[in-house]
Amino acid sequence: MNIAMPNLLPVLPEIFVLAMACVILLVDLGVKQNRFIAYALTQMTLLFAAWLTLSDFHSQVEFTFSHMFVADALSDTLKLMTYVAVSVTLVYGRAYNGLRGLYRGEFFVLALFAMLGMMVMISANHFLVLYLGLELMSLALYAMVAMRRDSPQATEAAMKYFILGALASGLLLYGMSLIYGATGSLYNNEVALAVMQGVESKALLSMGLVFVVAGLAFKLGAAPFHMWVPDVYHGAPTAVTLFLGTAPKLAAFAFVMRLLIEGLQGLVADWQGMLVVLSVVSMLVGNLTAIAQTNLKRMLAYSTISHMGFMLLGILSGALSGYGASMFYMVTYVLMTLGAFGMILLLSRRGFEAEHLNDFKGLNQRSPWHAFLMLLVMFSLAGVPPTVGFYAKLAVLQAALQAGFVGLVVVAVLLSVVGAFYYLRIVKLMYFDEPLDQNPIKAEADMQLLLSANGLGILLLGIMPQPLMALCIYSIQHSL
Amino acid sequence: MNFETIVFYIFSAILLLSALRVVTARSPIHAALALVLAFFTAASIWLLLEAEFLAITLVLVYVGAVTVLFLFVVMTLDIDVAKMREGFWRHLPLALAAGAVMATEMILVLRTRTDTVAPRNLDTHYSNTKELGRLLYVDYVYPFEIAAVLLLVAIIAAIALTMRRRKDTKYIDPADQVKVRRQDRIRLVSMPAETARMKDEGERMTNEEERG
């Protein structure tokens, strides 16, 4: 029996990350005293993986592993962004983790495995692979949330995340099995072909689609499937919240692209309506509930829900430019989230979590530069020009407008005005209130530098959004 | 009626009888042993269908591992059979209702006639073990590998969450013990000789300290 060896070249980054995760696991066993080695190895892994991905950038679509793995411009771009997000997360969380007993080898190994799951999802061409990638990522994330096991909040958050995540996976899997029953295939492109040619049982297919969309909404954290988001964001250690609020969102975007757009593009009329409902409810619930929050992590969780609603605006337009706009939105959203949670991590110190809104009072008097960076992040989240958040919102609104959803766009604009209230409240607290907390702000130089770059990047991208937008459009165009 | 059909009916009869014994046997050990017989005859029926891989797996996994586990549990637990049978009449209506639902479902499924297809006649060299292996390790090697990584992550996560040094353990590392030096254990304190007055004062001070 002759077996053709699969082409391993496109999978090289994945293989490398997997191998390095195992190496770090072993190295950490040997050197228990010095955690810096594990940290440095993880960062080097990310750097080298980025180099591997970059040196083999696919402008053409390439398949391997009997067409289950796809490498295209979309996957390569999203993977590069994922490396950056994970790397920045680890830099921001280093001091925080160190003070809370989380600066351990397992943390880095689990982070790398979660990232591997994201990479698998990003370049999956088969429903089974998509699902396995999702589980790989989720399993590592559950463990990371639960890692601070002495904290009842963290344990509760992990439990909720685990149970609701399992439920969502079940929904998703059930939907996939129904789609398999209707089309007879699990490959994205074959499903698309079968849908195009018309299937015997349209009801079965629609039923599958409903379950798949519900499962996706769960994973994205879109209302009315958002119940886990605030509790998990609030309960998890801030460094872990930062991790699960950033890179997995990119993977979730890839998941939506692969499943809904590559696989079920033929059913666009069916899922468009569902996404409209998800989008409106998310923006409504997210923005209105966020106003009542006094905890910044919880507020940012609700803000995530509303941002997912905005992101869906681009996808539901059903056009290439809309997908590009959504991708742009997701990338910039990750950038803003990194900044916001990075600031919480910066102000936290031993035995103190700066997660309350009041902890930001008078930040301008304590450190004008950090207050300015936070101002940029908040302006961007609210969508105030000239920050990048404005341009991202504009792009998705344009896409929705072009698809003819005028009412939806009006609702979105109104709700983003509502949303501006609670972002600008933080700005007010920072600049016009007296500080409650006079402790000096201390942080490592690498974090300071990166946080500044993060904040300025938001401003710079807002002034010059074109290169990133062009990259997003390019990736979408060369992949679909 | 050819020979294969006769064998099938014999195996089926044994399977049904042993399955019945599993639920009716008074002793849990007998029930577990009847379960072994049921698995074994089910494996034989699979062999008749030329699904030898499934048959072997059934014997290896269920007969070899799962039932042994059952027996272990039965032997280590103190099961009071009389106590377990206590609520029989009380739970009977519920059990009957559940049974009726299941029976209706089965009847509904069996009544919708689907065309049954006879197993394909394969040539003698065909091995479905090989075919399954090819499918798993060639066509589906990528998901297979990811599933393996998933299991690894499950192990790491479970250990990371459960293993830690407890504060109240009395474990002492022998390596640390032998490295102990004299100055770790003995502290020389030079104190002036005490007179009666100083001793009184000292006691008063310690009393004050205790109160303070």
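What counts, and where the lines are drawn
Residues numbered from 1 in each chain as written. Chains lettered and ligands numbered in written order. Predicted model: local features only at pLDDT ≥ 70, side-chain atom pairs only at ≥ 80, totals over all residues. Heavy atoms only, no water. Helix = DSSP H or I, 4+ residues; strand = E, 2+ residues; numbered from the N terminus. Rg over C-alpha atoms; globule rule 2.2 N^0.38 Å. Contact = heavy atoms within 4.5 Å. Areas by Shrake-Rupley, 256 points an atom, 1.4 Å probe, with all protein chains shown as cover. Lys, Arg positive; Asp, Glu negative; His and termini not counted. Charge placed at Lys NZ, Arg CZ, Asp CG, Glu CD. Buried < 20%, exposed > 50% of the residue type's maximum accessible area, 1.4 Å probe, protein only. Expected span 1.5 Å × (residues − 1). Arc of directions from axis to C-beta. Domains from an automatic or database assignment. Buried area = accessible area lost by both parts, 1.4 Å probe. Salt bridge = Lys/Arg side-chain N within 4 Å of Asp/Glu carboxyl O. Polar contact = N/O pair within 3.5 Å; in protein donor to acceptor, adjacent residues only side chain to side chain. Nonpolar A, V, L, I, M, F, W, Y, C, P; charged D, E, K, R; others polar. Core = buried A, V, L, I, M, F, W, Y, C linked by side-chain atoms within 4.5 Å. Axes fitted to C-alpha atoms, helices over the stretch in contact; angles between N-to-C directions. Parallel < 35°, antiparallel > 145°, perpendicular 65-115°, else oblique. Left-handed = near helix turned anticlockwise from the far one by under 90°. Phe/Tyr/Trp six-rings, centres within 6.5 Å; stacked < 30°, edge-to-face > 60°.

Considering the overall build of chain A
In step 1: Looking only at helices and strands, chain A features 20 helices and 2 strands.
In step 2: Here chain A has a C-alpha radius of gyration of 22 Å; the compact-globule value for 480 residues is 23 Å, and the two agree.
In step 3: Taken over the C-alpha atoms alone, chain A extends approximately 70 × 60 × 40 Å along its principal axes.
In step 4: Counted over contacts in chain A with a minimum sequence separation of 6, partners at least 24 positions apart contribute 80%.
In step 5: For chain A, the accessible surface area stands at approximately 17,000 Å², while carbon and sulfur atoms represent 69% of it.
In step 6: Positive and negative side-chain charges of chain A, numbering 23 and 23 respectively, have mean locations separated by a distance of 10 Å.

Focus on the overall build of chain B
In step 1: The helix and strand tally for chain B stands at 10 helices and 0 strands.
In step 2: Ordering the α and β elements of chain B from the N terminus gives α-α-α-α-α-α-α-α-α-α.
In step 3: Within the span of chain B, comprising 212 residues, buried residues form 16% of the whole.
In step 4: When contacts within chain B are restricted to residue pairs at least 6 apart in sequence, those whose partners lie at least 24 apart make up 60%.

Examining helix H1 (residues 3-24) of chain B
Residues and elements named next belong to chain B.
In step 1: Along its 22 residues, H1 runs 32 Å from first to last C-alpha, staying within 8% of the 32 Å computed at 1.5 Å per residue.
In step 2: Every buried residue belonging to H1 is among Val7, Ser12 and Ser18, and all of these are buried. Projection of H1 onto a plane perpendicular to its axis shows the buried side chains occupying an angular sector of 140 degrees, all on one side. Set apart from the buried face of H1 by more than 90 degrees, the exposed residues are Leu16, Leu17, Leu20 and Val23.

Looking at the domain arrangement of chain B
Residues and elements named next belong to chain B.
In step 1: On domain assignment, one finds that chain B holds domain 1 (1-80) and domain 2 (125-165).
In step 2: Contacts between the two partners involve 4 residues from domain 1 and, on the opposite side, 5 residues from domain 2.
In step 3: Taken over both partners, the interface formed by domain 1 and domain 2 buries close to 310 Å², and the fraction arising from carbon and sulfur atoms is 51%.
In step 4: Sorting the residues of domain 1 by area buried against domain 2 places Glu50, Glu52 and Phe53 first, and these three jointly supply 91% of that buried surface.
In step 5: Between domain 1 and domain 2 we count 0 salt bridges in total.
In step 6: Summed over the shared surface of domain 1 and domain 2, the number is 3 residue pairs in polar contact (both at pLDDT 80 or more).
In step 7: A breakdown of the residues in the side of domain 1 that touches domain 2 according to their chemical character gives 2 nonpolar, no polar and 2 charged.

With respect to the interface of chain A and chain B
In step 1: Each partner contributes to the interface: chain A provides 31 residues, whereas chain B provides 20 residues.
In step 2: For the pair chain A and chain B, the summed buried area comes to about 2,300 Å², and 80% of that belongs to carbon and sulfur atoms.
In step 3: For the pair chain A and chain B, the number of links is 0 salt bridges.
In step 4: Taken together, chain A and chain B are joined by 2 residue pairs in polar contact (both at pLDDT 80 or more).
In step 5: Within the residue set of the side of chain A that touches chain B, elements represented by two or more residues are helix H1 (12-30), helix H4 (105-122) and helix H5 (127-146) of chain A.
In step 6: With 10 residues, the single largest contributor to the side of chain A that touches chain B is H5(A).
In step 7: Per-class residue counts for the side of chain A that touches chain B are 23 nonpolar, 3 polar and 5 charged.

Digging into unusual backbone geometry
A negative phi angle is the norm for most residues apart from glycine, just as the trans form is the norm for most peptide bonds.
In step 1: Cis peptide bonds are those with omega within 30 degrees of zero, and the linkage from A:Ala223 to A:Pro224 qualifies with 0 degrees.
In step 2: With respect to the element layout, A:Pro224 can be found in the loop between helix H8 (202-220) and helix H9 (228-235).
In step 3: One non-glycine residue with positive phi stands out, namely A:Phe65, at about 50 degrees.
In step 4: Tracing the backbone shows A:Phe65 in the loop between strand S1 (62-64) and strand S2 (69-71).
In step 5: Even without being a glycine, B:Glu50 presents a positive backbone phi close to 65 degrees.
In step 6: Tracing the backbone shows B:Glu50 in the loop between helix H2 (28-48) and helix H3 (52-76).

Description of the nonpolar core
All names here are of chain A.
In step 1: One finds Leu260 and Trp271 to be the most contacted residues of the largest nonpolar core, which totals 190 residues.
In step 2: With 18 residues, the single largest contributor to this core is helix H14 (residues 320-347).
In step 3: Non-local contacts of Leu260, meaning those with residues more than four positions away in its chain, are made with Leu209, Val213, Leu216, Phe255, Gln265, Trp271 and Leu275.

Observations regarding the packing of H5(A) against helix H11 (residues 247-263) of chain A
Residue and element names in this part refer to chain A.
In step 1: In the contact formed by H5 and H11, the axes pass within 11 Å of each other and the chain directions differ by 165 degrees. As summarised for this structure, H5 and H11 are arranged roughly antiparallel, according to the angle between their axes. H11 is crossed by H5, and the crossing has left-handed handedness. The segment H5 lies against H11, with Phe127, Leu130, Leu134, Met137 and Leu141 engaging Pro248, Ala251, Phe255, Arg258 and Leu259.
In step 2: For the contact of H5 with H11, the per-class residue count stands at 9 nonpolar, no polar and 1 charged.

Re the environment of A:Arg104
Residue and element names in this part refer to chain A.
In step 1: Counting through the fold element by element, Arg104 comes out in the loop between helix H3 (73-99) and H4.
In step 2: Along the primary structure Arg104 and Tyr39 are separated by 65 residues, whereas in three dimensions their C-alpha atoms are 8.8 Å apart.
In step 3: A polar side-chain atom of Arg104 sits 3.4 Å from the main-chain carbonyl oxygen of Gly101.
In step 4: At a separation of 3.2 Å, a polar atom in the side chain of Arg104 contacts the side chain of Glu106.

Digging into the packing of aromatic side chains
Residues and elements named next belong to chain A.
In step 1: Inspection of the entire model under this criterion finds 22 aromatic pairs over all chains.
In step 2: Each ring, one from Tyr142 and one from Tyr161, has its centre 5.0 Å from the other, and the planes form 85 degrees; the classification is edge-to-face. Of the two residues, Tyr142 is situated in helix H5 and Tyr161 in helix H6 (residues 152-183); the sequence distance between them amounts to 19 residues. We note that Tyr142, like Tyr161, is buried.

Observations concerning the packing of H5(A) against H6(A)
Residue and element names in this part refer to chain A.
In step 1: The N-to-C vectors of H5 and H6 enclose an angle of 175 degrees; their axes lie 9 Å apart at closest approach. Taken together, H5 and H6 sit at an angle that is classed as roughly antiparallel. Across from Phe127, Leu130, Tyr131, Leu134, Glu135, Leu141, Tyr142, Val145 and Ala146 in H5, the residues of H6 making contact are Ala154, Ala157, Ala158, Tyr161, Phe162, Gly165, Ala166, Ser169, Leu172, Leu173, Met176 and Ile179.
In step 2: A class-by-class count of the residues in the contact of H5 with H6 yields 18 nonpolar, 2 polar and 1 charged.

Notes on the pattern of salt bridges
In step 1: As enumerated under the stated definition, the model contains 18 salt bridges over all chains in all.
In step 2: One salt-bridge network, in which partners are shared between bridges, spans A:Glu156, A:Lys160, A:Asp231 and A:Arg298.

As for the environment of A:Ala166
Residues and elements named next belong to chain A.
In step 1: Residue placement: Ala166 occurs in helix H6.
In step 2: A relative accessible area of 42% places Ala166 in the partly exposed class.
In step 3: Distance in space between the C-alpha atoms of Ala166 and Leu461 is 37 Å, their sequence separation being 295 residues.

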